[in-house]
Amino acid sequence: MSDIIQLLPDHVANQIAAGEVVQRPASVVKELLENAIDAGASVITLLLKDAGKTLIQVIDNGKGMSATDARLCFERHATSKIKDAEDLFNLSTKGFRGEALASIAAIAHVELKTRQDNEELGTAIKIEGSTVVSQDIVSTAKGTSIAVKNLFYNIPARRNFLKSDTVETRHIIDEFQRVALAHPNISFSLHHNGNEVYHLKNSNLRKRIVAIFGNRTNEKLVPIEEQTDIITIRGFIAKPEYAKKKRGEQFFFVNDRFIKSSYLNHAVNSAFEGLLEQGAHPTYFIYFEVPPNSIDINIHPTKTEVKFDNEKALYAIIRATVKHSLGQYNVAPVLDFNRDATLDTPYEFKDKSSMSSPTITVDPTFNPFKTEPTESQHTYEKKSTASTSTSFSTPSKSSYKHDYKKDAGSWESLYSNIEPIEDTSVSQGQLFESTQETETGKTFQIQKKYILSSIKSGVVLIHQTLAHQRVLYEEYLENITVKEANSQQLLFPINISFSSTDIEMIYGMKSDLESTGFVFNEFTKDSITIGGIPIAISESQITLILEQLLDDMKLEVPDTSFSHFDVMAKSFAKSLAIKTGTVLSEKEQETLVNNLFSCKEPSVSPLGKATFKTLTLQEIDTIFSK
Ligand code: ADP
Ligand code: MG
């Protein structure tokens, strides 16, 4: 038998290595930015075209490369950063594996220009699919510029596998933010398709965080600091009331390198224990300095997972440090997450003393069910706060599939007013068929969370929040997709600051948001001025709603415009649905039940949870027959 094993040619080996190192444009961005930092750059520019699919270019003012190095840097295992295995345990650079540029050059068209400070002329190299196309002596700025074009041009399967531009851009921005957060003393800018997305001047950590996440972040941050023999910790945590519903702004850096660690994340979470609403995630920016030889970074090609020597001790120290800050800055305990977040007027409005509550016209004692409902509007009063700003109102015109009879004197007529629902929903339609002689339809609120109602065949238990989400969701979807948007003009347009990425995202959704009733007066680099809002929401809820929407969009980036609307409707429904803890009057309970069963799909919430459960008389009987 002949021998069958052979060594792979370099370009094939490089392509295989590229599969590990370069998953998507964002991976290239990470590697190039890290190289620029390792080269000692103080100003780094990132240029992108088409989410990096067409072009990723990083320009730095670092130390540059000699002509020989410029050629060598594309070889596999070619690195200036380590010399022997010993060095692996004392790393002070981002890179060390010497395979990023070799991998990238194997799967893209790469143009390198570089010049060292002491040289008059520099080197330009073009390399395509691991093949050097040209090498020239050129005059170029001090430092290095690497342009990566047509990523995966020779691996169509990988190229086709790339997600939409929105998704890929999101990944790039995540990497960019991580690197920029790790190095506040370096200036970074990011341009996408000719537009400047970030311009981050060199500054301190707090300013860097604020520059990335928007001006409103500043007031949220609480510093943390600790120094022990094995670790130095510094950074910021956000006050508990600013915790996110979605895991988002959570950053650990070890020796200026972004890392992921669910173990340490658990330590932070446990420090916040009791201070957060269920399901909320604390925001944090935590920086550790440890001796380089106490961590192993080489356990994963992307170097975002590291192994610590003293993991258990670190856990305890981090937990204690975060707890200490929460206590010291008097941010614990926060009693009512929901209420505090809503009552806080988060935009500049509160500074305008002469303009006290100019557009609020809702009478908090107004109960449309006590009087004849001529105006088709109902209000869910939020019991715990007298503030009108927390009342939830929905325009019944679109939310109700039926009109209240003006002489609707009793709940029976409300129920009997439901149009029979055809096809699949027949059972629900019959559920509430009114019978004069029984107590059918009477509702009770249980634990400010559930509504219990007796029905013909037994009882039904309804989850008030999930039910209201369903009602609002269908209402919004109809509003967005079918109806002309109803908008209420704000007396004083409000200006809300956002991070530039968030602004870009909102700008991307502009026309969709407009079709729900939003009117945007102006978009600037760091703020948005809103002149009109959908009639279903109140002014004080705008920030909350938009933040929730941004969170949802980041998590579930929709590809089609319908799913765009869907995410939006879900997000609005989630933000605005009455919450657990809201006391509902009997009439409000009935209205909610009523509206729920007028929905197209009453049995599930927009996020797929059951909205109600029925218990038939038979089932109840069996309980007691045992
Ligand atoms: P690594 O960063 O792991 O060493 P890379 O493939 O990323 O491997 O880079 C190979 C080498 O090329 C680096 O070690 C460095 O000497 C050189 N290099 C890469 N990018 C730059 C840059 N922007 N400025 C100066 N030198 C660079
Ligand atoms: Mg590198």
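This text follows the structure it describes.
Residues numbered from 1 in each chain as written. Chains lettered and ligands numbered in written order. Predicted model: local features only at pLDDT ≥ 70, side-chain atom pairs only at ≥ 80, totals over all residues. Heavy atoms only, no water.

A short note on the site of ligand 1
N35, T79, S80, K81 and G98 are the nearest of the 18 residues found near ligand 1. For ligand 1, an oxygen atom lies 2.7 Å from a polar atom in the backbone of G98. In the complex, the protein chains occlude 93% of the 530 Å² of accessible area that ligand 1 would expose alone. Along the lines of polarity and charge, the residues of the shell around ligand 1 split into seven nonpolar, seven polar and four charged. (Near = heavy atom within 4 Å. Polar contact = N/O pair within 3.5 Å; in protein donor to acceptor, adjacent residues only side chain to side chain. Areas by Shrake-Rupley, 256 points an atom, 1.4 Å probe, with all protein chains shown as cover. Nonpolar A, V, L, I, M, F, W, Y, C, P; charged D, E, K, R; others polar.)

Topic: the sheet that holds strand β18 (residues 443-446)
Adjacent strands of a sheet pair through backbone hydrogen bonds, lying either parallel or antiparallel. Within the open sheet, the four strands sit side by side as β18-β19-β20-β24. Their pairing is antiparallel. Of all strands in the sheet, those bounded by a partner on one side alone are β18 and β24 (612-616). On average, adjacent strands in this sheet sit at an angle of 20 degrees to one another, irrespective of strand direction. On the sheet, helix α19 (residues 586-596) packs against β18, β19 (450-455), β20 (458-463) and β24 and is oriented at approximately 100 degrees with respect to β18. Each of β20 and β24 touches helix α20 (residues 617-625); the most contacted strand, β24, lies at about 65 degrees to it. (Pairing = 2+ DSSP bridges. Helix = DSSP H or I, 4+ residues; strand = E, 2+ residues; numbered from the N terminus. Axes fitted to C-alpha atoms, helices over the stretch in contact; angles between N-to-C directions. Contact = heavy atoms within 4.5 Å.)

Brief notes about unusual backbone geometry
Non-glycine residue D50 carries a positive phi angle of around 50 degrees. Among the secondary structure elements, D50 is positioned in the loop between β1 (43-49) and β2 (55-60). A relative accessible area of 31% means that D50 is categorised as partly exposed. (Buried < 20%, exposed > 50% of the residue type's maximum accessible area, 1.4 Å probe, protein only.)

A short note on the packing of helix α2 (residues 25-38) against helix α6 (residues 165-182)
Their axes nearest at 8 Å, the elements α2 and α6 cross at an angle of 20 degrees. On the basis of the axis angle, α2 is roughly parallel to α6. Helix-helix and strand crossings are classified by hand; for α2 and α6 the assignment is right-handed. Between α2 and α6, the residues in contact are P25, A26, V29, K30, L33 and I37 and E168, H171, I172, E175, F176 and V179, respectively. In terms of residue class, the contact of α2 with α6 is built from eight nonpolar, one polar and three charged. (Parallel < 35°, antiparallel > 145°, perpendicular 65-115°, else oblique. Left-handed = near helix turned anticlockwise from the far one by under 90°.)

Any functional reading would require information beyond the geometric quantities listed.
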